[in-house]
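A look at the structure
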Amino acid sequence: MPTSTLPPGPKGHFLLGVLPEIRRDELDYLKFLVREYGDVVFLRVVNHPVFILSHPRDIEEVLLTNYSNFVKSVFLRESQALFGDGLLTADGKAWVRQRRLLQPSFHHERVAAYSRIMVDHAERLLGAWQDGETRDVFDDMIRLTMEIIAQVLFGNDLASETAQASAALRVFFEQFDERFGLYLLPEWLPTPGNIRYRRAIRRLDDLLERVIRARRSNGHDSGDILSMLLRVQDEDGSRLSERQLRDEMMTLFFTGHETTALALAWTWHLLSHHPEVQERVYKEVRGVLGERAPTLEDLPQLRLVDAVIKESLRLYPPAYGIVRQAVKDCQIGGYTVPAGASLAIFPWSVHRDPRYFERPEEFVPDRWADGLAKRLPRCAYFPFSVGPRVCIGNTFALTELALLVPAIVRRFQFRPAPGYRVHVNPSLTLRPRPGVRLVLKKR
Ligand code: HEM
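What you see is a predicted model, and the numbers here were worked out from it, not measured in a lab.

Considering the nonpolar core
- If you look at the biggest cluster of nonpolar residues, it comprises 108 residues, and the most contacted ones within it are Leu53, Leu153, Ala265, Val305, Leu401, Leu404 and Val405.
- For this core, the element with the highest residue contribution is helix H6 (residues 137–154), accounting for 12 residues.
- Discounting residues that sit within four places of it in the chain, Val405 has contacts with Thr267, Val305, Val308 and Ile309.

As for the site of the ligand
- Of all residues adjacent to the ligand, which total 22 residues, the nearest are Thr255, Gly256, Thr259, Cys391 and Gly393.
- Counting only elements with at least two residues in the shell around the ligand, the list comes to helix H10 (242–255), helix H11 (258–273) and helix H16 (394–409).

Some remarks on the sheet that holds strand S5 (residues 322–326)
- The strand order across the open sheet built from 5 strands is S1-S2-S8-S5-S3, with neighbouring strands paired in mixed fashion. Edge strands, defined here as strands with exactly one partner in the open sheet, are strand S1 (40–45) and strand S3 (70–72). Strand-to-strand twist across the sheet, computed as the mean angle between neighbouring axes with direction ignored, equals 35°.
- Relative to strand S8 (residues 342–345), S5 is paired through 4 bridges, and the arrangement is antiparallel. Residue pairing in the sheet places Arg324 in a bridge with Leu343 of S8.
- Sitting on the sheet, helix H1 (residues 19–37) is in contact with S1 and strand S2 (48–53), with an inclination near 160° to S1.

Comments concerning unusual backbone geometry
- Arg433 connects to Pro434 through a cis peptide bond whose omega is 0°.
- For Pro434, the location among the structural elements is in the loop between strand S11 (430–433) and strand S12 (437–442).
- Within the chain, Val46 stands out as a residue other than glycine whose phi angle is a positive 55°.
- With respect to the element layout, Val46 can be found in the loop between S1 and S2.
- Of note, Arg359 is a non-glycine position whose phi angle comes to about 40°, a positive value.
- Mapping Arg359 onto the fold places it in the loop between helix H14 (347–350) and helix H15 (372–375).

Concerning the environment of Ala380
- Summarising the element assignment, Ala380 is placed in the loop between H15 and H16.
- Taking C-alpha positions, Ala380 is 32 Å from Leu169, a pair spaced 211 residues apart along the chain.
- Excluding anything up to four places from it in sequence, Ala380 contacts Pro56, Val350 and Tyr356.

Section: the pairing of strand S10 (residues 423–426)
- With 4 bridges connecting them, S10 and S11 associate as antiparallel partners. From the neighbouring strand, Val424 faces S11, where its bridge partner is Pro432.

What to know about the pairing of S12
- Of the pairings in the sheet, the one linking strand S4 (residues 134–136) to S12 comprises 3 bridges and is antiparallel in character. Looking across to S12, one finds that Arg135 is bridged to Leu438.
- Two elements, strand S9 (residues 412–416) and S12, share 5 bridges in a ladder whose sense is antiparallel. Among the inter-strand pairings, Arg415 is bridged to a residue of S12, identified as Val439.

Focus on the sheet that holds S4
- The 3 strands are arranged S4-S12-S9 in an open sheet whose pairing can be described as antiparallel. Lying at the two open borders of the sheet, with one neighbouring strand each, are S4 and S9. Ignoring which end each strand starts from, the neighbouring axes of this sheet average 45° apart.
- Sitting on the sheet, H11 is in contact with S9 and S12, with an inclination near 75° to S9.

Thoughts on the packing of helix H5 (residues 108–128) against H16
- One can describe the packing of H5 onto H16 by two numbers: an axis separation of 9 Å at closest approach and a directional angle of 30°. For the crossing formed where H5 meets H16, the hand is right-handed. Contacts between H5 and H16 involve His108, Val111, Tyr114, Ser115, Met118, Val119, Ala122, Glu123 and Leu126 from the former and Thr395, Phe396, Thr399, Glu400, Leu403, Leu404, Ala407 and Ile408 from the latter.
- Each residue belonging to the contact of H5 with H16 can be placed in one class, and the counts come to 11 nonpolar, 4 polar and 2 charged.

Definitions and cut-offs
- Residues numbered from 1 in each chain as written.
- Predicted model: local features only at pLDDT ≥ 70, side-chain atom pairs only at ≥ 80, totals over all residues.
- Core = buried A, V, L, I, M, F, W, Y, C linked by C-beta atoms within 7 Å.
- Buried ≥ 20, exposed ≤ 12 C-beta atoms within 10 Å, placed from the backbone.
- Helix = DSSP H or I, 4+ residues; strand = E, 2+ residues; numbered from the N terminus.
- Contact = placed C-beta atoms within 7 Å.
- Near = placed C-beta within 6 Å.
- Pairing = 2+ DSSP bridges.
- Axes fitted to C-alpha atoms, helices over the stretch in contact; angles between N-to-C directions.
- Left-handed = near helix turned anticlockwise from the far one by under 90°.
- Nonpolar A, V, L, I, M, F, W, Y, C, P; charged D, E, K, R; others polar.

Okay, here's the thing in structure tokens:
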């Protein structure tokens, strides 16, 4: 029975709401809120009303059943400086059009064609790794996945500039985290942080604009996504404008490498702490591949690799939070959600809910062996979200992970570096801080 009373939740500071608690330790605070107040929690961030939803039934309502009642949230405003109105941040009719234009680039057959690029880049990276050295493998995974997506999007046109792009993105993230703490400060203030933030975005803008302009003027079809987007026409014959092209390419460049790099880095972190699982994975990979690199045809046989990837995405979902804003009043979980309120959904905490996962905090890939994925409620495990706004790169990412994990495991073993400790940093994505420092041992 719907009620007009608000769900339970913390009172928070009269001006800042729960912003100070979020700043202190967002994930720990989230755990506390869900334990203390249950499946629907109400709180304020500064003066903005937020409902946190943790029940799969309510999550499905927002992301799937009643999705048209929700848009992307005000909390995405910060990331819009980078993505503009690209697919991740767009809403309404514009989003429908963009999704229709981009979807063909991510069909199964297209992704299959990218698989060679994925494995070739991995082999090149491994050629540079030395037996016994200690490395920040998160850095390496960022470089690897960035080189792959750069080639898929731009052919070879960005190849010599990925280091620059990566440096600019590092600055963007540092300042993004800073800015969230300064929520009340206007963006236009010329603080040193704001200046660095804008400069990083401008550098990325310049890089992409240069490549797009050059391609437009030489008209060369390199068979990559940029060529495809320069050609596509909507049903009414219209094409993407200069600005739209920039926003889509920036969105895909970022979403196409950051989350996959995180999934890989968290997988190496987990395997380095579970040497017995790492050995079993190695045996499986050797048994299937022998001396060669993996191909798409091998993937159905790499069952443990698949389970390890699922478990890693369960414990460390790179897109750890999904936020929507109600466009009109609605009922969710027995409560009235007013128009304008945000709904925050955290795969991070739902994936650790003991109602759906035994020993939820533990890394147990074997839990996926007997069809668990099919038995779970639809929104108890959803690293790529669900519904019409499900990740467009879902198949791309799962293929990339399924190829890169065996490609790397067959050549190297990982151990935590002495004194290594990692903190989970819930930034725009779920990032390891200061990195993932591991010792490599050649197989
Ligand atoms: C392990 C890797 C990945 C994870 C965990 C992931 C997760 C997600 C999630 C949860 C969303 C929904 C966000 C929301 O609705 O607020 C999303 C959207 C999106 N993802 Fe991914 N993603 C991954 C890889 C990729 C890749 C490789 C690409 C592109 C090549 C990509 C492109 C996008 C785009 C463009 C959207 C927006 C889709 C839309 O709103 O229509 N992602 N992703």
